[in-house]
Each structure stands twice: as structure tokens, then as C-alpha cells.
Amino acid sequence: MGDGRTIPGRIPSVDEILKTAAAVDAIDRFGRPSVVDAIRRSAEDVRASLAKANGHAASVKSSAESIMTSAVARLERQAEPNARPVFNLTGTILHTNLGRAILAEAAIEAATRAMREAMALEFDLAEGRRGERDGLVRDLLCELTGAEDATVVNNNAAAVLLALNTFGRARDVIISRGELIEIGGSFRMPEIMARAGTRLVEVGTTNRTHEKDYAAAIGPKTGLILKVHTSNYRIEGFSKSVSGKALAELAHARQVPLINDLGSGTLVDLARYGLVHEQTVAEAVAEGADLVTFSGDKLLGGPQAGFIVGRKELIAKLNKNPMKRALRMDKIRLAAVEATLRLYRDPDRLAERLPTLRMMARPRQDIETQAARILPAITAAVAPRYSASVTPCASQIGSGALPLETIPSAGIAIGFAGPRGRGRALAELVTAFRQLPMPVIGRIEDDTFVLDLRCLEDEAGFVRNLAQLRRGGDSQ
Ligand SMILES: *Cc1c(COP(=O)(O)O)cnc(C)c1O
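The rules behind each value
- Residues numbered from 1 in each chain as written.
- Predicted model: local features only at pLDDT ≥ 70, side-chain atom pairs only at ≥ 80, totals over all residues.
- Heavy atoms only, no water.
- Helix = DSSP H or I, 4+ residues; strand = E, 2+ residues; numbered from the N terminus.
- Buried < 20%, exposed > 50% of the residue type's maximum accessible area, 1.4 Å probe, protein only.
- Contact = heavy atoms within 4.5 Å.
- Near = heavy atom within 4 Å.
- Polar contact = N/O pair within 3.5 Å; in protein donor to acceptor, adjacent residues only side chain to side chain.
- Nonpolar A, V, L, I, M, F, W, Y, C, P; charged D, E, K, R; others polar.
- Pairing = 2+ DSSP bridges.
- Axes fitted to C-alpha atoms, helices over the stretch in contact; angles between N-to-C directions.
- Right-handed = clockwise from strand over helix to strand, strands pointing away.
- Salt bridge = Lys/Arg side-chain N within 4 Å of Asp/Glu carboxyl O.
- Phe/Tyr/Trp six-rings, centres within 6.5 Å; stacked < 30°, edge-to-face > 60°.
- Lys NZ or Arg CZ within 6 Å of the ring centre and 35° of its normal.
- Expected span 1.5 Å × (residues − 1).
- Arc of directions from axis to C-beta.

A. Quick look at the overall build of the chain. The secondary structure content of the chain amounts to 19 helices and 15 strands. Based on the C-alpha atoms only, the size of the chain along its principal axes is roughly 95 × 60 × 45 Å. Taking all 476 residues of the chain together, 49% fall into the buried category. Contacts in the chain between residues at least 24 apart in sequence constitute 73% of all its contacts with a sequence separation of at least 6.

B. Focus on the site of the ligand. Residues in close proximity to the ligand total 14 residues, the closest being Ala-157, Ser-231, Asp-261, Ser-295 and Lys-298. Here an oxygen atom of the ligand sits 2.8 Å away from a polar atom, N or O, in the main chain of Ala-157. A distance of 2.5 Å separates an oxygen atom of the ligand from a polar atom in the side chain of Ser-231. Of all the secondary structure elements, the ones that give two or more residues to the shell around the ligand are helix 7 (156–168) and strand 8 (258–263). For the shell around the ligand, a count of residues per class yields five nonpolar, six polar and three charged.

C. Layout of unusual backbone geometry. Geometrically, the link from Ala-383 to Pro-384 is a cis peptide bond, its omega value of 5° lying close to zero. Note that Pro-384 resides in the loop between helix 17 (364–382) and strand 11 (386–395). One non-glycine residue with positive phi stands out, namely Ala-170, at about 60°. With respect to the secondary-structure elements, Ala-170 resides in the loop between helix 7 and strand 5 (172–176).

D. Structural detail: the sheet that holds strand 4 (residues 149–153). The mixed open sheet is built from seven strands, whose spatial order is 4-10-9-8-7-5-6. Looking along the sheet, the strands with just one partner apiece sit at the ends: strand 4 and strand 6 (199–203). The mean inter-strand angle of the sheet, taken between neighbouring strand axes irrespective of direction, is 25°. Relative to strand 9 (residues 291–295), strand 8 runs parallel, the two being bridged by four bridges. Note on strand 9: the bridge partner recorded for Ile-259 is Leu-291.

E. Structural view of the pairing of strand 9. Counting buried residues in strand 9 gives five out of five residues, a clear majority hidden from the surface. Covered by surrounding structure in strand 9 are Leu-291, Thr-293 and Ser-295 together with Val-292 and Phe-294, the residues of both alternating faces. Note that the unit made of strand 8, helix 11 (residues 281–286) and strand 9 has a crossover that is right-handed. Looking at chain direction, strand 9 and strand 10 (residues 306–310) are connected through five bridges and run antiparallel. When the sheet's bridge partners are listed, Val-292 is paired in strand 10 with Val-309.

F. The side chain of Ser-395, seen in detail. With respect to the helices and strands, the residue Ser-395 is situated in strand 11. Ser-395 gets classed as buried once you look at its relative accessible area, which sits at 0%. Among the polar contacts made by the side chain of Ser-395, one reaches the side chain of Ser-409 at a distance of 3.3 Å. At a separation of 2.8 Å, a polar atom in the side chain of Ser-395 contacts the side chain of Asp-452. Sequence-distant contacts of Ser-395, that is, excluding residues within four places in its chain, are made with Gly-91, Glu-405, Thr-406, Ile-407, Ser-409, Asp-452 and Arg-454.

G. A look at the pattern of salt bridges. In this structure the tally under the stated criterion is 35 salt bridges. Residues Asp-149 and Arg-138 are paired through a salt bridge, measuring 2.9 Å at the closest nitrogen-oxygen approach. Taken together, the positions of Asp-149 in strand 4 and Arg-138 in helix 6 (residues 138–145) put the pair 11 residues apart, joining distant regions of the chain. Across the pair Arg-345 and Glu-143 runs a salt bridge, and its minimum N-O distance is 2.9 Å. Of this pair, Arg-345 sits in the loop between helix 14 (331–343) and helix 15 (350–353) while Glu-143 sits in helix 6, and the two are 202 residues apart along the sequence. For Glu-143, a relative accessible area of 45% gives the class partly exposed. Members of the salt-bridge network, linked through shared partners, are Glu-122, Arg-130, Arg-133 and Arg-328.

H. View of the packing of aromatic side chains. Within the structure shown, the criterion is met by four aromatic pairs. Between Phe-294 and Phe-307 the ring centres are 5.0 Å apart and the planes differ by 35°, which places this aromatic pair in the tilted class. On the criterion of sequence distance, the pair formed by Phe-294 in strand 9 and Phe-307 in strand 10 is long-range, its members being 13 residues apart. The class of Phe-307 is buried, set by a relative accessible area of 1%. One cation-aromatic arrangement involves Arg-208 over Phe-238; the distance from NZ or CZ to the ring centre is 3.9 Å.

I. Layout of helix 3 (residues 32–52). In this model, helix 3 (21 residues) spans 30 Å end to end at C-alpha, consistent with the 30 Å of a helix rising 1.5 Å per residue. Every buried residue of helix 3 is listed here: Val-35, Val-36, Ala-38, Ile-39, Ser-42, Ala-43, Val-46 and Leu-50. The buried residues of helix 3 all sit within an arc of 165° when viewed along its axis, so they share a single face. Residues of helix 3 that are exposed and angled more than 90 degrees away from the buried face: Pro-33, Arg-40, Ala-51 and Lys-52. For helix 3, the elements touching its buried residues are helix 1 (14–18), helix 2 (21–30) and helix 4 (64–79).

J. Structural view of the sheet that holds strand 14 (residues 443–445). Judged by pairing direction, the sheet is antiparallel, and its four strands sit side by side in the order 11-12-15-14 without closing on themselves. Where the open sheet ends on each side, the last strands, each with one partner, are strand 11 and strand 14. For this sheet the average axis-to-axis angle between neighbouring strands, irrespective of direction, equals 35°. Most of the contacts of helix 17 go to strand 12 (residues 407–416), to which it runs at about 15°, and overall it touches strand 11, strand 12 and strand 15 (448–452). Docked against the sheet, helix 18 (residues 422–434) engages strand 11, strand 12, strand 14 and strand 15, running at close to 30° with respect to strand 15.

In C-alpha cells, the structure reads:
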């Protein structure tokens, strides 16, 4: 290639480099402008190295081929998507930082079709005229919750915001001091209430709120009473809160709407799957809440969404609020929501089809057997520096659902075998797993790196991926 000789300290021109076989191949893969840009940057790096190497130019690789090698590496890095799938072996099934619920195959298919084709989104096929996008899921939501009507928005935070703004703007919103929650730094009930334009009227105390506290606060300026599921924490001991049923009776007697923000919101009795019973949306509707709000991607196991179900005339008011448009959901997720909700019509096969429930219901014994099966592969990948063993562990649901509940699980614990430098060795191990082609995210527990296998479904893919750890380790 070219004159075949590399003169130390001379950097080939971009045009020269573009003539190499590697560049021709790269242009085919990445397009000419990106390749030219990558060559310029790599040549720039070489120039900087040469300047630093003063007098030792021969130690710097500056041939067209070597610059092209670094340019290709750069191009490959750039081509990697930022939205990378990972193995969630944290033991938290609905991990907000890892995207919460994994969708059912039916939902994935529905979303894919919605992306690929035009669809009757706001079009009534029976009448041949304009329809409503909520119409796609309204009947299903009513059927599954027993509510009169339903609407869907971007997420539950949006559902709460819309409900507060519609019924509480420039009015009082009554809420117990025990329910002024923060769900992660970005969702704090008092702040959402302020942004919705409502006046916060706190009643009761942190640990105890009585019916008479609510009753005394209701007045002509009351817009609504808000009951909030405390989700990610519990007040125990000397505590009291007012039941949804008692609050509904009070609200109706005084003619103010009661909105129950269930947070996670489940459509099935979790006791069926060996978990503690959590009030279902249908139960919250039945005990008299005028509106109930809940998430799509928590216990429900669907895509990010916020549902508001309840009385028809209140839903109609929500739909008239101009904010609804700003909070509305797109066709892709609506299609996925519809397909997810349909699965609930066959509860007997739900745990098979809905990944969230399937993972929650997975028996510990099954996970332990899997751990024993993949232990040799993990040992081979981390030995001799680290040793691995099967360990019992505890999974949790996450995203504020049943925060005190843990589910007995099993996994692999990987520890550093050496006498010193345990902390650093462990940090290196965690990093190496994170840098795998498909990053593996676990958790640190008692000086070991624990991989809870509850959410591991693609076992073969996991083992194949692990082989890269071995390679990475050798080249370091
Ligand atoms: C999680 C949660 C929210 C926010 O729901 P997103 O779907 O994450 O927007 C609101 N209220 C409660 C009680 C929650 O648990």
C-alpha cells in the first residue's frame, strides 16, 4: 500500500488514509463523512502523541494502517447504541434505573405493528369518523377495574398532576401528613401539588391521621381529598390512617371528590402468586374512590403509562383539561398497553405470559437449580482471582411496590480470593461485568458481588456473554 514505508514522525494525509483497504471497508459500513471525521480525530491523536514523544517518533505508530485501525475502533464505539440492554441481576424486579417492567411478547408484537403500520388511533372504524385514542383501552380498563370510565396518560405522575390540576386548581387539596410522599427525588407530592396550582391542606400528623381531621378541613374551598399509597415506606407502631372506604363515605357526604393514588396498582390478587395481598384497583374502586390513579410499568407489567379510572363525569372533566393533550400517550405504547391489559382477561395464564409476574412468582428452588447449572461457567470466567458459589438471597419487587416484602431467591456470590485489596478487587470485578457486551448489573453484599438470578431468563445468552469476561481479563 502506497510506498509501503512509514517515515517516523510523518503523518499520512487524510486522502492517503482513505485509500487503504480498511478505509474503503469502513466507508461501506459507516458512510464517508463519519469515516473522514474519525480519521481526522485519530490523526490528531497521533500528532499529539508525536509532540509528546519528542525525539522518539519511532515509538509512535503513525502509518496509514495504524491510524485507520484506531479510526475504526472509534467508529465502532460511536455506532454502539446508548440504549443498551443489560442483564438485571440486582434482585429488584422493577428497577426504575433499569427501565422497570419487561413487556410481554404480545405487547412487543402490538407495539412493533403500531410502529410499522398506520393504525386506527383516533378513528372510529365502525362509524368511519374521528374517534378517541383512549377508546383503544377504555373498555378493557373498565372491565378489569369495575370503573365506569377510564383515561390514559404518559405515566402515573402525569395522572396525579392532571387530576390535581383538574379538580384542585386554585382550591384546597386535603391530604394526610403521613402521605406527603417522595417517590425518588423527582416526584414529591407537595411539589406536584404546587405545580398543579393547588393549595396543600395537610391534616393529621406523620404517624396518625383520623377521620375527624379530614372532616374538619373540608370547606367551601375544598377541591378534592387525596389519598396516596405510601409505596416506598411504611409507618409502623403507634400509627393510624383512615381507610379508603371511610374516606369515600366522608367525601360523598360532603360532596367532594376522593382521589386515590394507588401508585403501583395491581389488577390481580398477588396472594395468588405467594405474595402478600395488595389492594387491587378494582377494590379501590369498589370501596368508593371517585378516581383511582396507577402506573403502567410497575406491578401491572406494561409500558410506562398512567391510568385514571373512575366516575364518568369526572373522567369527562379530565379529558377536557387542555393539559391532557400535553400528557397524552403515543400509539406505540397505547398498542402495548392494550395488549398487556388483554392478558389479564386470562388470569390463569398470566404468570406465564407477563414477565413481571413470571419473575415474581418464580420459586426459589427453580432459581437455585439454575444457579448450580451456571456456576461452572461463572467460576471459569472469574478464576483464579475470584471464587464463586451458589448463595441464597432475597429479591424485592421494587418501584415502591410492597417495599417491606422480600422474596426468597438464589444467586451466585463472587468474592475475591486474595488476602489483601479486597475492596479494589471487588470494584474491578463489578466494572468488568458492567463492561461486558451485554452489561451484567448485580449488587454488592458483604464484600461479595451477588448476582440474583430471579430475573435471568436468557441463560444461554448470559453464559455466552460471560466468555467475553475471560477474554477481557486476559488482555488487561
Ligand atoms: C410510583 C408512584 C407514582 C409515580 O408513578 P410513575 O408511573 O412513576 O410516574 C405516583 N404515586 C405513587 C404513590 C407511586 O408509587
